[in-house]
Each structure stands twice: as structure tokens, then as C-alpha cells.
Amino acid sequence: IFLDFVHDIDLQLIFKRGNTILADQIKLLEQTAVNLHIRAVIETNRNDNLREIFFNFLKSELDVYNNLLKYGKLKGWNHVVPMYRVSSQ
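Structural notes, computed from the coordinates. Because the structure is a prediction, the values reported are computed rather than measured.

Among the surface-exposed residues, Phe55, Leu58 and Leu62 lie close enough to one another that they form a single nonpolar patch of about 300 Å² accessible area. Within the secondary structure layout, Phe55 lies in helix H4 (residues 48–75). The exposure class of Phe55 is partly exposed, given its relative accessible area of 46%.

This part takes up the environment of Asn47. For Asn47, the location among the structural elements is in the loop between helix H3 (40–46) and H4. A residue is classified by how much of its surface remains accessible, and Asn47, at 23% relative accessible area, is partly exposed. At 3.0 Å, the side chain of Asn47 and the backbone nitrogen of Asn49 are in polar contact.

Evaluated as defined, the whole model comprises three salt bridges. Asp48 is the partner of Arg51 in a salt bridge, and the nearest nitrogen-oxygen pair spans 2.3 Å. Linking Arg51 with Asp48, this pair stays in helix H4, spanning three residues, or about one helical turn. Look at the salt bridges and you will find they share partners, linking Asp8, Asp10 and Lys75 into a network.

Taken as a whole, this structure holds two aromatic pairs when the rule is applied. Taken together, a centroid distance of 5.9 Å and an interplanar angle of 85° make the contact between Phe54 and Phe57 edge-to-face. Of the two residues, Phe54 and Phe57 are both situated in helix H4; the distance of three residues between them amounts to about one turn of the helix. Its relative accessible area of 31% is what places Phe54 among the partly exposed residues.

With that out of the way, let us pick up H4. Each α-helix turn comprises 3.6 residues. Residues three or four places apart therefore point the same way. For H4, with 28 residues, the first-to-last C-alpha span of 40 Å sits near the 40 Å given by 1.5 Å per residue. Looking only at H4, the buried set comprises Leu50, Phe57, Tyr71 and Gly72. Looking at where H4 begins, the residue whose side-chain oxygen comes 3.0 Å from the main-chain nitrogen of Asn49 is Asn47. At the exit of H4 stands Gly76, carrying a positive phi of roughly 80°.

Moving on to the packing of helix H1 (residues 9–31) against H4. At a minimum axis separation of 11 Å, H1 and H4 run at an interaxial angle of 175°. With respect to each other, H1 and H4 are oriented roughly antiparallel. Listed contacts from H4 to Asp10, Leu11, Ile14, Ile21, Leu22, Gln25, Leu28 and Leu29 of H1 are Ile53, Phe54, Phe57, Ser60, Glu61, Val64, Leu68, Tyr71 and Lys75. Looking at the contact of H1 with H4 residue by residue, the class counts come to 12 nonpolar, two polar and three charged.

Parameters and conventions
Residues numbered from 1 in each chain as written. Predicted model: local features only at pLDDT ≥ 70, side-chain atom pairs only at ≥ 80, totals over all residues. Heavy atoms only, no water. Patch = residues over 30% accessible without salt bridge, like charges linked within 9 Å, V, L, I, M, F, W, Y side chains within 5 Å. Areas by Shrake-Rupley, 256 points an atom, 1.4 Å probe, with all protein chains shown as cover. Salt bridge = Lys/Arg side-chain N within 4 Å of Asp/Glu carboxyl O. Helix = DSSP H or I, 4+ residues; strand = E, 2+ residues; numbered from the N terminus. Buried < 20%, exposed > 50% of the residue type's maximum accessible area, 1.4 Å probe, protein only. Polar contact = N/O pair within 3.5 Å; in protein donor to acceptor, adjacent residues only side chain to side chain. Phe/Tyr/Trp six-rings, centres within 6.5 Å; stacked < 30°, edge-to-face > 60°. Expected span 1.5 Å × (residues − 1). Axes fitted to C-alpha atoms, helices over the stretch in contact; angles between N-to-C directions. Parallel < 35°, antiparallel > 145°, perpendicular 65-115°, else oblique. Contact = heavy atoms within 4.5 Å. Nonpolar A, V, L, I, M, F, W, Y, C, P; charged D, E, K, R; others polar.

Structure representation (C-alpha cells):
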């Protein structure tokens, strides 16, 4: 979605990789029954396999986010927030 606004080639590759991961996850979800889509939250309480699928989705997204943060640090894109100090009066 934001790929048109990105001019950095490396960041474009990161976004493309993220889109590929999401596309793979969508394909997996589309192959499951419609009933599982509707009852996904309820089913995760009873269905270990489904809960593992969603957990793996979460891990994949966190890996992408972690790599994006590392890359942002490497490029100097991260904003450094000043430390809060309580002054004694």
C-alpha cells in the first residue's frame, strides 16, 4: 500500500517481503473453511492447530517488525527519545 511513497530501495524490499508474508498468510486462511474464519477466536480456545497457525502468524510479524527496527537503527531513522529525569527540589 505504501510502496508507491517509498523511494529508498532497501525499504521497498522490506515492504515487498512483508507483502509476500501477508499474501502467504492470506492464501493459508483462504484455504480453510469459512466457518473457521467466523469462529476463529472461539476455535483457538479448543483447536491447538489453529492456535498454532495464528501464533506463527504473530511470530512472523514480530520478526518482520524486529528486522525493520534493526534496519532503521542501521540507517539512522529511529528517533531517540530523551530520558525523563525527576529533578529534586
